[in-house]
Amino acid sequence: MVHKISAEHLSIERVGEIIRKGYKIELSDDARNRIVRCREYLDKKIAENRAPIYGVTTGFGSLCNVSIGGDHLAQLQINLMMSHACGTGDRVPNEIVKIMLLLKVQSLSYGYSGCKLDTVERLIDFFNNDIYPVVYMQGSLGASGDLVPLAHLTLPLVGLGEVEYKGKIMSGADVLRRKGWKPIQLASKEGLALLNGTQNMGAFAVWALLESRRLCHWADAIAAMSLDAYCGLVEPFTDAVHQVRPHNGQIATAAAMRRLLAGSEIVDTAKSYVQDPYSFRCIPQVHGAAKDTLDYVESVIDTEINSATDNPTVCPDDDLIISAGNFHGEPIAMPMDFLAIAMSELANISERRIYKLVSGTRGLPSFLVANPGVNSGFMITQYTAASIVSLNKSLCTPSSVDSIPSSQGQEDHVSMGANAAIKLYKVVLNTERVLAIELFNAAQALDFRRPLKSSPMIEEIYSKYREAVPFIVNDEVMYPHIKHSIEFIEQNQCPPVCD
């Protein structure tokens with residue numbers, strides 16, 4: 001399967017499909033023509049124009065007033081890449097690195113960056129051969145884009161840096177030799193085109209959106225199982241209630257809950273109480289708000305990944321080469337902070353439902369074991385969930401409100417968008433863990449409602465889950481079951497009702 005890189009709209013869902021189904025990519029004829037035309041225009045302007053062009057015939061950042069002679073223009077680009085490769089911390093996961101490669105190719109293909117065709121095609125070679133440059137999470141200010149991580153991403157093109165190839169770490173030079181490729185000889189402006197841009201932040205954001213959409217679906221299904229196991233009320237999901245406060249996510253969540261619980265024998269049992277705690281009663285309002293946030297953030301990131309974000313911008317049609325600020329991460333830094341808050345709230349309300357399930361109320365035994373006292377049962381699963389939720393709250397302090405000037409004050413306001421991306425990544429993973437712990441508890445609680453059955457949809461999830469995680473009779477080592485619960489959510493599709 002091949003995806004053609006072109007100026008046509010690239011959706012976030014399409015990115016997920018390309019990455020997860022193993023598509024190869026190649027440039028369309030139009031994209032090739034755009035790249036070649038822009039490079040030819042830039043070469044002509046350099047030859048004809050004695051005025052300095054930022055990053056092309058000058059230094060970078062606060063060195064923008066230092067002119068560079070023609071015989072040093074290529075070395076200027078190599079030096080830029082080497083000096084900017086200052087990453088540290090954990091490695092960016094390969095899946096996100098591959099999204100970075102795709103987004104960088106997409107951005108360069110519009111023909112506003114001045115890259116040579118062979119440079120873009122080598123990025124495509126890396127993508128198609130599953131060559132993953134070693135990129136580190138820490139180092140980007142989200143200012144001139146993602147300078148540090150993009151330096152690590154592109155160093156192997158010139159035989160520097162490191163890559164992971166077929167499960168082994170090797171130098172950029174080694175992988176080029178193994179593939180029989182020569183190092184790319186960078187021309188003027190190319191190093192800047194490769195290092196400027198928001199593809200590191202964008203890749204994390206795309207990954208987070210794809211995962212968050214999946215987890216929102218799972219959150220509804222798991223909440224429905226918890227509600228039925230808790231013998232909760234379905235009246236709060238009545239459509240008329242939500243039509244008088246018609247937030248899209250709220251309406252959709254209430255509808256999903258009604259469908260998920262349709263046909264439950266437990267729902268049909270008589271109840272002596274008229275209200276549930278908020279963590280059950282307000283599922284549409286909380287889950288729905290997260291979905292509305294997700295929709296907003298997706299609209300912003302969708303625009304970002306279909307943009308040229310390096311600097312200077314080269315516009316052959318307008319006969320312009322302008323140094324501006326399309327690399328600044330603020331447009332996506334704030335939405336990523338927002339999405340982290342939304343996903344954290346999904347985990348937050350999930351932990352509250354876990355607490356209720358182990359609390360020994362509504363006819364459920366304390367800590368969800370038949371003989372509490374000698375058995376602690378599920379007591380500490382709630383502790384673990386609470387710990388993760390607390391960490392999420394710390395991670396939700398916005399990165400986008402911070403700025404530390406750099407480059408001798410030339411870059412005096414930065415977005416910290418890469419830090420927003422890293423925090424969002426951690427929050428999404430943590431939210432999945434909390435939801436998995438809720439599922440572990442909900443399935444256990446549901447067993448105490450037997451012989452009554454839940455709805456057909458919930459029973460189907462329950463049956464599949466029990467193939468991976470057993471009912472707990474007496475105390476046993478619990479962490480493998482939590483691990484298997486996480487894997488269950490990762491490896492199984494949520495019921496179609498949640499799509």
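Use the structure listed above.
Summarised in this report is the structure supplied together with it.

### Let's talk about the sheet that holds strand E6 (residues 162-165)
Here's step 1: On the basis of which strands lie adjacent, the open sheet formed by three strands has the order E4-E6-E7 and antiparallel pairing. Two strands bound the open sheet, and with one partner strand each, they are strand E4 (131-133) and strand E7 (168-171). For this sheet, the mean inter-axis angle between neighbouring strands, taken without regard to orientation, is 35 degrees.
Here's step 2: Summarising the sheet, E4 and E6 pair through three bridges and their orientation is antiparallel.

### Focus: a nonpolar patch on the surface
Here's step 1: A cluster of nonpolar residues, Tyr-296, Phe-338 and Ile-341, forms a patch on the protein surface that exposes about 270 Å² of accessible area.
Here's step 2: Among the structural elements, Ile-341 can be located in helix H14 (residues 330-357).

### Some details on empty space enclosed by the protein
Here's step 1: Throughout the structure, instances matching the rule amount to one cavity of 30 Å³ or more.
Here's step 2: Roughly 70 Å³ of internal volume is contained in the largest cavity.
Here's step 3: Taken together, Leu-103, Ser-107, Thr-198, Gln-199, Gly-202, Glu-304, Ile-305, Ser-307 and Thr-309 make up the full set of residues lining the largest cavity.
Here's step 4: Elements supplying a minimum of two residues to the lining of the largest cavity: helix H4 (94-108), helix H9 (199-229) and helix H13 (283-305).

### What to know about the packing of aromatic side chains
Here's step 1: Counted according to the given criterion, the structure contains nine aromatic pairs.
Here's step 2: Relative to Phe-280, the ring of Tyr-230 lies with its centre 4.7 Å away and its plane at 5 degrees, an arrangement referred to as stacked. With Tyr-230 in the loop between H9 and helix H10 (239-243) and Phe-280 in helix H12 (residues 278-281), the pair connects residues that are 50 residues apart, well separated along the chain.
Here's step 3: Looking at Tyr-230, the relative accessible area reads 4%, which means it is buried.
Here's step 4: One aromatic cluster is present, formed by Phe-204, Trp-207 and Tyr-425 through successive ring pairs.
Here's step 5: The ring centre of Tyr-355 lies 4.5 Å from the NZ or CZ of Arg-352, which sits over that ring.
Here's step 6: Lying across the ring of Tyr-273, Arg-362 places its NZ or CZ 3.6 Å from the centre.

### Re helix H17 (residues 456-466)
Here's step 1: Within the span of H17, buried status applies to Ile-458, Glu-459, Ile-461, Tyr-462, Tyr-465 and Arg-466. Down the axis of H17, the smallest arc covering the buried residues is 160 degrees, so these residues share one side.
Here's step 2: Where the residues of H17 are buried, they touch H9, helix H11 (248-261), helix H16 (417-447) and helix H18 (479-491).

### Side note on the layout of surface pockets
Here's step 1: Estimates place the volume of the largest pocket at around 570 Å³.
Here's step 2: Arg-20, Leu-210, Glu-211, Arg-214 and Gln-493 are the residues nearest the centre of the largest pocket, which is lined by 22 residues in total.
Here's step 3: Elements supplying a minimum of two residues to the lining of the largest pocket: helix H1 (12-20), H9 and H16.
Here's step 4: Considering every element that reaches the lining of the largest pocket, the biggest residue donor is H9, with seven residues.

Calculation notes
Residues numbered from 1 in each chain as written. Predicted model: local features only at pLDDT ≥ 70, side-chain atom pairs only at ≥ 80, totals over all residues. Heavy atoms only, no water. Pairing = 2+ DSSP bridges. Helix = DSSP H or I, 4+ residues; strand = E, 2+ residues; numbered from the N terminus. Axes fitted to C-alpha atoms, helices over the stretch in contact; angles between N-to-C directions. Patch = residues over 30% accessible without salt bridge, like charges linked within 9 Å, V, L, I, M, F, W, Y side chains within 5 Å. Areas by Shrake-Rupley, 256 points an atom, 1.4 Å probe, with all protein chains shown as cover. Salt bridge = Lys/Arg side-chain N within 4 Å of Asp/Glu carboxyl O. 1 Å grid on protein atoms, 1.4 Å probe; cavity = no way out; pocket = protein on both sides within 12 Å on 5 of 7 lines; lining within 4 Å. Points joined across faces, edges and corners; volume = space filled by probe spheres on them. Phe/Tyr/Trp six-rings, centres within 6.5 Å; stacked < 30°, edge-to-face > 60°. Buried < 20%, exposed > 50% of the residue type's maximum accessible area, 1.4 Å probe, protein only. Lys NZ or Arg CZ within 6 Å of the ring centre and 35° of its normal. Arc of directions from axis to C-beta. Contact = heavy atoms within 4.5 Å.

This is a description of form; function is not addressed.
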